[in-house]
Each structure stands twice: as structure tokens, then as C-alpha cells.
Amino acid sequence: MKSISNIISNTIQPYEKASEVKENSKAQQTKNERQDHSLKPITDEYIPQEKQKPTGLYRFGKDNSGNPKIYFDDPTASDRNVDICEGNTDKVEREIEKLKQMQKKLEQQLNTETDKTKKKTLEQKLAQVQNELLQKDNDTYRRQHSVFS
């Protein structure tokens, strides 16, 4: 009868020998690969491409004398028809100017008026004009009511 330890140790020995053989073959393969790579110089390859259409970006180039220069490719310069719109706020400005004149006129009338009932109506009209001026005399109102052509 054989002991179990002898049986286990006998089975392990061939496995160890097989792994050594595999390791040796791997080491030889890597040596061969290293030799193959060391023989061939590693170089980059230039692949020419078609010139791309400018996208409105900065790019490097050379001027007529060969000096480096930065160029800006403006896509709107030659490729597109650009419609130019102008905003006109003259109508709004006239309206605001009329309100300011009305305010001055009402203030003058209010200062010269002696009748209390007429003075109250002038004060109400003046308050209305001042509120309207507060609403209209700003950039937002001008922008919203400008005429584009």
C-alpha cells in the first residue's frame, strides 16, 4: 500500500515540469519578438488628406516670405449672403420726448394754478405721464418697440 502523500507528490511533479516548459517557450517567444522589433525601425507614416473647407477657426500658415503666420478663416466672408438688419428706435424716442414735454407743461400749469379742483386733475394727469415715462423710458421698451429693416 502506498501513502497518499506519495501519490499527491507524484502528480504534482509533471505539472511543475509542464509549467516550466510553457514559461521557457514564452520567454523564447518574447526574445524573438524583441529581436524582430529591434530590427525594424519604428517610423510614422504620412497620409495626405484633402484640404478641408474653413470652419471659421484660427489656423497656422506661412506668409509669402515663409514666416509663420496665424490666419482666421471667416466662413461669412465669401460663402454666405449676409442680410444686415438695422434697428430703428426713432418712433419710440419721439414718443418719449412727447411725454417729457407733456410732463414739463403739466408741472408749469400745476405751479401757476390756484384752483384746487383743477390742481388735483393736473396732479392726476402728471402722475399718469410720470408712470408712462417710467414704463417707456428704458432700454427694454426701446428694444421691444424698435422697427427693423
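Details of the structure are given in the entry above.
Just so it is clear, the structure is predicted and the values come from calculations on it, not from any experiment.

The rules we used
- Residues numbered from 1 in each chain as written.
- Predicted model: local features only at pLDDT ≥ 70, side-chain atom pairs only at ≥ 80, totals over all residues.
- Heavy atoms only, no water.
- Helix = DSSP H or I, 4+ residues; strand = E, 2+ residues; numbered from the N terminus.
- Buried < 20%, exposed > 50% of the residue type's maximum accessible area, 1.4 Å probe, protein only.
- Contact = heavy atoms within 4.5 Å.
- Areas by Shrake-Rupley, 256 points an atom, 1.4 Å probe, with all protein chains shown as cover.
- Polar contact = N/O pair within 3.5 Å; in protein donor to acceptor, adjacent residues only side chain to side chain.
- Core = buried A, V, L, I, M, F, W, Y, C linked by side-chain atoms within 4.5 Å.
- Phe/Tyr/Trp six-rings, centres within 6.5 Å; stacked < 30°, edge-to-face > 60°.
- Expected span 1.5 Å × (residues − 1).
- Salt bridge = Lys/Arg side-chain N within 4 Å of Asp/Glu carboxyl O.

Asks: Sorry, what's going on with the overall build of the protein here?
Replies: The number of helices and strands found in the protein is five helices and four strands. The order of α-helices and β-strands along the protein, N terminus first, is α-β-β-α-β-α-α-α-β. Across the 149 residues that make up the protein, the buried fraction comes to 12%. Contacts in the protein between residues far apart in sequence, at least 24 positions, make up 43% of those at least 6 positions apart. Working note: accessible area of the protein is about 14,300 Å², and carbon and sulfur atoms make up 50% of it.

Asks: Explanation requested: the side chain of S146 in the structure shown.
Replies: Inspection of the secondary structure assignment puts S146 in the loop between α5 (139-144) and β4 (147-148). Overall, the relative accessible area of 13% leaves S146 in the buried class. A distance of 3.1 Å separates a polar atom in the side chain of S146 from the backbone oxygen of R143.

Asks: For this particular structure, what's the right way to read the nonpolar core?
Replies: If you look at soluble globular proteins, the nonpolar side chains tend to sit buried side by side. Of all hydrophobic cores here, the largest spans 10 residues; its members are V92, I96, L99, L106, L110, L122, L126, V129, L133 and Y141. For this core, the secondary structure elements donating two or more residues are α3 (90-112) and α4 (116-136). Tallying contributions element by element places α3 first for this core, with five residues. In this structure V129 touches L99, M102, Q103 and L106, once residues within four positions along its chain are discounted.

Asks: What should I look at first to understand the packing of aromatic side chains in this one?
Replies: Applying the stated criterion across every chain yields a total of one aromatic pair. Residues Y58 and F72 carry aromatic rings whose centres are separated by 5.0 Å and whose planes lie at 50° to one another, so their mutual orientation is tilted. Of this pair, Y58 sits in strand β1 (residues 58-62) while F72 is found in strand β2 (residues 68-72), placing the two residues 14 residues apart along the sequence. The exposed category is assigned to Y58, whose relative accessible area is 65%.

Asks: Please clarify how α3 should be interpreted in this entry.
Replies: An α-helical segment advances 3.6 residues per turn. Residues three or four places apart therefore align on the same side. Between the first and last C-alpha of α3 there are 33 Å, a value that for 23 residues agrees with the 33 Å anticipated at 1.5 Å per step. Those residues of α3 that sit buried are V92, I96, L99, Q103, L106 and L110. Tucked into the core, α3 has its buried residues touching α4 and α5.

Asks: Mind showing me how you'd approach the environment of C85 here?
Replies: Locating C85 in the fold gives a position in the loop between α2 (75-78) and β3 (87-88). According to the relative accessible area criterion, C85 is exposed, its value standing at 57%. The spatial distance from the C-alpha of C85 to the C-alpha of V147 is 9.8 Å, given a sequence separation of 62 residues.

Asks: Explain the pattern of salt bridges to me, please; I cannot follow it from the model alone.
Replies: Working definition: two side chains of opposite charge can pair if their charged atoms are close together. All chains considered together, the criterion is met by five salt bridges. E95 is the salt-bridge partner of K136, the closest N and O atoms lying 2.3 Å from each other. Here K136 is found in helix α4, whereas its partner E95 is found in helix α3, with 41 residues between them in sequence. As a salt-bridge pair, E132 and K136 come within 2.9 Å of each other at their nearest N and O atoms. You can see E132 and its partner K136 sitting in helix α4, four residues apart, about one turn around the helix. Connected via shared salt-bridge partners are E93, K100, D137 and R142.

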